[in-house]
Amino acid sequence: MAVTERTVLQFSPTLTAKVHPLVIFNICDCYVRRPDQTERVIGTLLGSVLPDGTVDIRNSYAVPHSEFSEQVALDIDYHHNMLISQQKVNPKEVIVGWYSTGLGVTGSSVLIHEFYSGEVPNPIHLTVDTGFSNGEGTVKAYVSSNLSLSHGEQQQAGGRQAGDRQLPLAAQFQEIPLDLRMVEAERVGFDILKTTMTDKLPTDLEGMEASMERLLALIDDVYKYVDSVDEGRVAPDNNVGRFLWDAVESLPKLSPAIFDKLVNDSLQDNMLLLYLSSITRTQLTLAEKLNTAAQVL
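This one's a predicted model, so the numbers in the text were calculated from it and none came from an experiment. (Residues numbered from 1 in each chain as written. Predicted model: local features only at pLDDT ≥ 70, side-chain atom pairs only at ≥ 80, totals over all residues. Heavy atoms only, no water.)

Points about the nonpolar core
Moving on, step 1. Residues Val23, Ile24, Leu45, Ile57, Tyr99, Ile124 and Leu126 are the most contacted members of the largest nonpolar core, which totals 23 residues.
Moving on, step 2. Secondary-structure elements contributing two or more residues to this core are β2 (17-19), α1 (21-32), β4 (55-62), β7 (94-101), β8 (124-128) and β9 (139-151).
Moving on, step 3. Looking at this core, the element that brings in the most residues is α1, giving six residues.
Moving on, step 4. Aside from chain neighbours lying at most four places away, what touches Leu126 is Val19, Val23, Ile24, Ile27, Leu45, Trp98, Tyr99, Ser100, Val139, Lys140, Ala141 and Leu178.
Moving on, step 5. Among the nonpolar cores identified, the runner-up in size contains ten residues, and Leu46, Tyr61, Leu83 and Ile95 belong to it. (Core = buried A, V, L, I, M, F, W, Y, C linked by side-chain atoms within 4.5 Å. Buried < 20%, exposed > 50% of the residue type's maximum accessible area, 1.4 Å probe, protein only. Helix = DSSP H or I, 4+ residues; strand = E, 2+ residues; numbered from the N terminus. Contact = heavy atoms within 4.5 Å.)

Here it is, written out as structure tokens:
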């Protein structure tokens, strides 16, 4: 009688994810507003799967929980109620994973990931380092790879073949590629969040000034490149030349006077919107105070 054994380690397939800046801002806001005794914040990630297989994370909400002695208690009813409310507004957004604040994966993350594995197959685990352990807010994405032992035996004498038995060993979190794309206005706020300390949040004009300074620096780099090519210090690149030509051609043909008028008109419209929003906020505050006074009386 001959007996053969084989051991196989099984991993789940690798995914890629794309997260919108709104999700990062929402996670940071929930972390700031957390209870004093809570060390980290966890929550649900909402989004969809793109045709190319990329997980698009577009929204999130926090889920109350408590952790003690490597045990985790989630408010499942709150989670389901929030999911129903979110899908009433955005029915196309489904659960794609969960998030937690902190650096890396902890022991209790396995229990939370197991719960979300029952909500959606192969969920994404997003971590946001709100403690700035490495000097900046690191954002990473993981998937859990189930490690199991496949144990099979073949018995030739009796002509019987026993089926494979899956012996679970552990759950291994593997980091996956994460794409964080944002427009210039979102980049200004995200750069502030990445720094460990800031005196104050920039105003709209200060944010515009920072964007213009970055734009001028890029234009200076283009001038230096063109001068270097023209003087023969750098070999010309046809692809870069076509890109610069398309960028110049995309600019509208406007005189300086017309351009200044458009900028001033846009600035006045923005100031009017700020004024109207301030009036609306003041009116709502007065109405709330009058309502409170009426209830007291």
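So, the pattern of salt bridges
Moving on, step 1. All chains considered together, the criterion is met by six salt bridges.
Moving on, step 2. Here Asp29 makes a salt bridge to Arg33, at a shortest N to O gap of 2.9 Å.
Moving on, step 3. Taking relative accessible area as the criterion, Asp29 reaches 34% and is therefore assigned partly exposed.
Moving on, step 4. Of the residues examined, Arg33 reaches a relative accessible area of 64% and is grouped as exposed.
Moving on, step 5. Asp56 serves as the salt-bridge partner of Arg58, at 3.1 Å between the closest nitrogen and oxygen.
Moving on, step 6. Beyond isolated ion pairs, a larger network of salt bridges with shared partners links Asp56, Arg58 and Glu93. (Salt bridge = Lys/Arg side-chain N within 4 Å of Asp/Glu carboxyl O.)

Let's talk about the packing of helix α2 (residues 76-89) against helix α3 (residues 109-119)
Moving on, step 1. Running from amino to carboxyl end, α2 crosses α3 at an angle of 40 degrees, the nearest separation of the two axes being 14 Å. Here α2 lies oblique to α3, going by the angle between them. Two packed elements cross with a definite hand, and for α2 against α3 that hand is right-handed. The residues of α3 that touch α2, namely those facing Ile76, His79 and His80, are Phe115, Tyr116 and Glu119.
Moving on, step 2. Of the residues belonging to the contact of α2 with α3, the class tally is three nonpolar, two polar and one charged. (Axes fitted to C-alpha atoms, helices over the stretch in contact; angles between N-to-C directions. Parallel < 35°, antiparallel > 145°, perpendicular 65-115°, else oblique. Left-handed = near helix turned anticlockwise from the far one by under 90°. Nonpolar A, V, L, I, M, F, W, Y, C, P; charged D, E, K, R; others polar.)

Describing unusual backbone geometry
Moving on, step 1. Residues other than glycine seldom take positive phi values, yet Asn122 does so here, at roughly 50 degrees.
Moving on, step 2. Tracing the sequence through the fold places Asn122 in the loop between α3 and β8.

Looking at a nonpolar patch on the surface
Moving on, step 1. Together, Met208, Met212, Leu215, Leu216, Ile219 and Tyr223 make up an exposed nonpolar region whose accessible area comes to about 600 Å².
Moving on, step 2. Tracing the chain through its elements places Met208 in helix α5 (residues 204-230).
Moving on, step 3. Overall, Met208 belongs to the partly exposed group, its relative accessible area being 48%. (Patch = residues over 30% accessible without salt bridge, like charges linked within 9 Å, V, L, I, M, F, W, Y side chains within 5 Å. Areas by Shrake-Rupley, 256 points an atom, 1.4 Å probe, with all protein chains shown as cover.)

Concerning the state of the cysteines
Moving on, step 1. This model, assessed by the stated rule, comprises zero disulfides.
Moving on, step 2. Here Cys28 is not cross-linked by a disulfide; its sulfur's nearest cysteine counterpart is in Cys30, at 9.4 Å. (Disulfide = S-S within 2.5 Å.)

Quick notes on the confidence of the model for the protein chain
Atomic detail in the predicted coordinates should be set aside for any region of low pLDDT.
Moving on, step 1. Confidence along the protein chain averages 79 in pLDDT terms, with 81% of residues attaining 70 or more.
Moving on, step 2. Within the model, the stretch residues 1-12 combines pLDDT values under 50 with 38 contacts to residues more than four positions away or in other chains.
Moving on, step 3. Every residue in residues 153-163 is under pLDDT 50, and counting partners more than four places away or in other chains gives 16 contacts. (pLDDT = per-residue confidence, 0-100.)

Comments concerning the packing of aromatic side chains
Moving on, step 1. Taken as a whole and judged by the stated rule, the model has two aromatic pairs.
Moving on, step 2. Both rings, one in Trp98 and one in Tyr116, keep their centres 6.0 Å apart while their planes meet at 10 degrees; by these two values the pair is stacked. You can see Trp98 sitting in strand β7 and its partner Tyr116 sitting in helix α3, a full 18 residues away along the chain.
Moving on, step 3. With 5.2 Å between their ring centres and 80 degrees between their planes, Phe115 and Tyr116 make a pair best called edge-to-face.
Moving on, step 4. An aromatic cluster is present here, built from Trp98, Phe115 and Tyr116 joined pairwise through their rings. (Phe/Tyr/Trp six-rings, centres within 6.5 Å; stacked < 30°, edge-to-face > 60°.)

Focus on the environment of Asp237
Moving on, step 1. Take Asp237: it is sitting in the loop between α5 and α6 (238-249).
Moving on, step 2. Taking the relative accessible area as the measure of exposure, Asp237 reaches 36% and is therefore partly exposed.
Moving on, step 3. In terms of polar contacts, Asp237 uses its side chain to reach the backbone amide nitrogen of Asn239, at 3.1 Å. (Polar contact = N/O pair within 3.5 Å; in protein donor to acceptor, adjacent residues only side chain to side chain.)

Concerning α5
Moving on, step 1. With 27 residues, α5 should cover 39 Å at 1.5 Å per step; its first-to-last C-alpha distance of 39 Å lies within 8% of that length.
Moving on, step 2. Restricting attention to buried positions, one finds in α5 the residues Gly207, Ser211 and Ser228.
Moving on, step 3. At the C-terminal side of α5, Gly232 shows a positive phi close to 85 degrees. (Expected span 1.5 Å × (residues − 1).)

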